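Structural characterization, general
One-letter residues, chain by chain:
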Amino acid sequence: MSEDLLQKVPVLRRGFRFQWEPAQDCHVLLYPEGMIKLNGSAGAILAEVDGVRSVAAIVAGLRERFPEAEGIETDILEFLEVARERFWIELR
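Residues numbered from 1 in each chain as written. Predicted model: local features only at pLDDT ≥ 70, side-chain atom pairs only at ≥ 80, totals over all residues. Heavy atoms only, no water.

Details of the pattern of salt bridges
- One pass over the structure, following the stated rule, counts 7 salt bridges.
- Measuring nitrogen to oxygen at the nearest pair gives 3.1 Å for the salt bridge that ties Arg65 to Glu48. Pair noted here: Arg65 is in helix α3 (residues 55–65) and Glu48 is in the loop between α2 (40–47) and α3, with a separation of 17 residues, a long-range link.
- The partner of Arg53 in a salt bridge is Asp50, and the shortest N-O contact between them spans 3.0 Å.
- On the basis of relative accessible area, Asp50 is assigned to the partly exposed category, the value being 39%.
- What emerges from the salt-bridge pattern is a single network uniting Glu48, Asp50, Arg53 and Arg65. (Salt bridge = Lys/Arg side-chain N within 4 Å of Asp/Glu carboxyl O. Helix = DSSP H or I, 4+ residues; strand = E, 2+ residues; numbered from the N terminus. Buried < 20%, exposed > 50% of the residue type's maximum accessible area, 1.4 Å probe, protein only.)

Take a look at the structure:
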């Protein structure tokens, strides 16, 4: 994994909104054409995406919150890459 990626700052793409949806009992990403239901891990990761913290800071914060989760760094990076490929986030 490149140091460059770890220094990038993820942000939600324009038109997407992250929120808790009580009716779905999960976090969701809302966008003009619909809604994406997120599992618990995806919700925990996207909750950290604030447009200020770097990928490295997000990984460090989640590692601290979930010390028992082996391989959490890889899982976070893989999810962020999928989210970028699906145009949910941008890396700046």
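Now that the structure is up, let's keep going.
Describing the layout of surface pockets
- Taken as a whole, the largest pocket holds about 250 Å³ of empty space.
- Lining the largest pocket are 13 residues, and of these Ser41, Ala42, Ile45, Ile72 and Asp75 sit closest to its centre.
- Looking at the lining of the largest pocket, the elements with two or more residues in it are α2 and α4 (72–85).
- When residues in the lining of the largest pocket are grouped by element, the largest group, 5 residues, is from α2.
- A class-by-class count of the residues in the lining of the largest pocket yields 9 nonpolar, 3 polar and 1 charged. (1 Å grid on protein atoms, 1.4 Å probe; cavity = no way out; pocket = protein on both sides within 12 Å on 5 of 7 lines; lining within 4 Å. Points joined across faces, edges and corners; volume = space filled by probe spheres on them. Nonpolar A, V, L, I, M, F, W, Y, C, P; charged D, E, K, R; others polar.)

As for the side chain of Glu21
- Looking at the secondary structure, you find Glu21 in strand β2 (residues 17–21).
- The buried charged residue Glu21 lacks any salt bridge partner; its closest oppositely charged side chain belongs to Arg17, at an N-O distance of 6.6 Å.
- The residues contacting Glu21, other than those within four sequence positions of it, are Cys26 and Val28. (Lys, Arg positive; Asp, Glu negative; His and termini not counted. Contact = heavy atoms within 4.5 Å.)

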